[in-house]
Amino acid sequence: MKKLQFSKICKNFGSVVANDNISLSLGEGEILSLLGENGAGKTTVMRMIYCVTPLTSGLLTVNGENVMENMSAVKRGIGVVTQDDSLDYDLNVINNLLVYARYYDLTRDQAVRRANELIEFFQLEEKRNENVRTLSGGMKRRLQIARALINKPSILILDEPSTGLDPQARHHVWAKCHELIEQGVTLLLTTHYMDE
C-alpha cells in the first residue's frame, strides 16, 4: 500500500489555480521534496494532506484513507511541522510534548515514555525542563519535529523545516530526518533551497 497517493488533485481559490492535476505516490520510508519559490503552491499541497484545505477535485489518500471522507483517521497517521513556530511558550520542553500527546489519547505512561524517547533522539536532554523561550532556533525546530512524532506517525510532513536555521542546526535536522527514513517513516517536505 502506498502511504501517500495523489490522483489528479487540483486546488483553486476562485479563479486562481494553486495546484493543477497533480498525480504522484509515495511509499514507506521514501522522501519527496516539493521545491519551488514562495507562492508556488507547496504549502497548499501540504494543507490538503493534513485536512486543513479541501481539494477542488481529484483523489488524495493518506495511509489508504481518503482525506475528504475520513479526516480523523488521516490526522492520526501523520505528523505535521508547519512553517510557523507553534510551540507553547508557557511550557517547558517536556510539557510541550506531554500536552500535545493528549490530542492522540496516549495514556500518561505512554506519553511520558514517548516524550523521553524523543527528547533523547533529538538530543534535548539538558533542556527537558527549560522553558521554550530559552531554546535556540535549532532546538525549537527539533522540538517541533519531536512534537510531530509523538503519535509515531507513518508520514511526517515538514513545511520548510530548515528556514532560518544556521548551518549546524540545519545539518542536525537533516541527520535526524535521514534516521527517521531508515526507520520507515515517509517524509514529505517543502523547501525553496536548491541544495536540499
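Here the structure is a predicted model, which means the values were calculated and not measured.

*Asks:* Would you mind going over unusual backbone geometry with me for this structure?
*Replies:* In the Ramachandran plot, Asn 21 falls in the positive-phi region, its phi being about 60° despite a non-glycine side chain. Note that Asn 21 resides in strand 2 (residues 16–26). Even without a glycine there, the phi angle at Gln 123 is positive, about 55°. For Gln 123, a relative accessible area of 46% puts it in the partly exposed group.

*Asks:* I keep staring at the environment of Ser 162 and nothing clicks. Help me out?
*Replies:* Mapped onto the elements of the fold, Ser 162 is located in the loop between strand 7 (155–159) and helix 6 (167–182). Accessibility expressed as a relative area gives 1% for Ser 162, which makes it buried. Measuring from C-alpha to C-alpha, the distance between Ser 162 and Leu 143 comes to 13 Å, with 19 residues separating the pair along the chain.

*Asks:* Help me out: how do you make sense of the sheet that holds strand 2 in this one?
*Replies:* Spatial strand order, 2-1-4-5: 4 strands in an open sheet with antiparallel pairing. The outermost strands of the open sheet, each flanked by one partner alone, are strand 2 and strand 5 (65–66). Summarising the sheet, strand 1 (residues 4–13) and strand 4 (residues 57–62) pair through 5 bridges and their orientation is antiparallel. Its bridge partner lying in strand 4, Gln 5 is registered against Thr 61. Together, strand 1, strand 2 and strand 4 form the strand contacts of helix 1 (residues 42–49), whose direction differs from that of strand 1 by roughly 115°.

*Asks:* Got a minute to help me understand the side chain of Arg 142 in this structure?
*Replies:* Looking at the element boundaries, Arg 142 is found in helix 5 (residues 137–148). Comment: no salt bridge for buried Arg 142; closest opposite-charge side chain is Glu 125, at 7.2 Å. Engagement of the side chain of Arg 142 in a polar contact is seen with the backbone oxygen of Phe 122, the distance being 3.0 Å. Discounting chain neighbours no more than four positions away, the residues touching Arg 142 are Phe 122, Gln 123, Leu 124, His 172 and Val 173.

*Asks:* In this structure, what is going on with the pairing of strand 2? I would like to understand it.
*Replies:* Within a regular beta strand, the side chains point alternately toward one face of the sheet and then the other, so they alternate between its two faces. Where strand 1 and strand 2 come together, 7 bridges link them in antiparallel fashion. Residue pairing across strands places Gln 5 opposite Ser 25, the latter belonging to strand 2. Between the end of strand 1 and the start of strand 2, which pair antiparallel, lie 2 residues, with Gly 14 showing a positive phi angle near 65°.

*Asks:* Mind showing me how you'd approach the sheet that holds strand 7 here?
*Replies:* Strand pairing in a sheet is mediated by backbone hydrogen bonds. Such pairs are either parallel or antiparallel. On the basis of which strands lie adjacent, the open sheet formed by 4 strands has the order 3-8-7-6 and parallel pairing. Strand pairing shows two members of the sheet lacking a second neighbour, strand 3 (31–35) and strand 6 (78–81), which therefore form its edges. Strand-to-strand twist across the sheet, computed as the mean angle between neighbouring axes with direction ignored, equals 10°. As judged from the 5 bridges shared by strand 7 and strand 8 (residues 186–191), these two strands associate in the parallel manner. Opposite Asp 159, over in strand 8, you have Thr 190 as the bridge partner. Sitting on the sheet, helix 1 touches strand 3, strand 6, strand 7 and strand 8, and the angle it makes with strand 8 is about 145°. Those strands touched by helix 5 are strand 6 and strand 7, and its axis lies near 160° from that of strand 6.

About the criteria used
- Residues numbered from 1 in each chain as written.
- Predicted model: local features only at pLDDT ≥ 70, side-chain atom pairs only at ≥ 80, totals over all residues.
- Heavy atoms only, no water.
- Helix = DSSP H or I, 4+ residues; strand = E, 2+ residues; numbered from the N terminus.
- Buried < 20%, exposed > 50% of the residue type's maximum accessible area, 1.4 Å probe, protein only.
- Pairing = 2+ DSSP bridges.
- Contact = heavy atoms within 4.5 Å.
- Axes fitted to C-alpha atoms, helices over the stretch in contact; angles between N-to-C directions.
- Lys, Arg positive; Asp, Glu negative; His and termini not counted.
- Salt bridge = Lys/Arg side-chain N within 4 Å of Asp/Glu carboxyl O.
- Polar contact = N/O pair within 3.5 Å; in protein donor to acceptor, adjacent residues only side chain to side chain.

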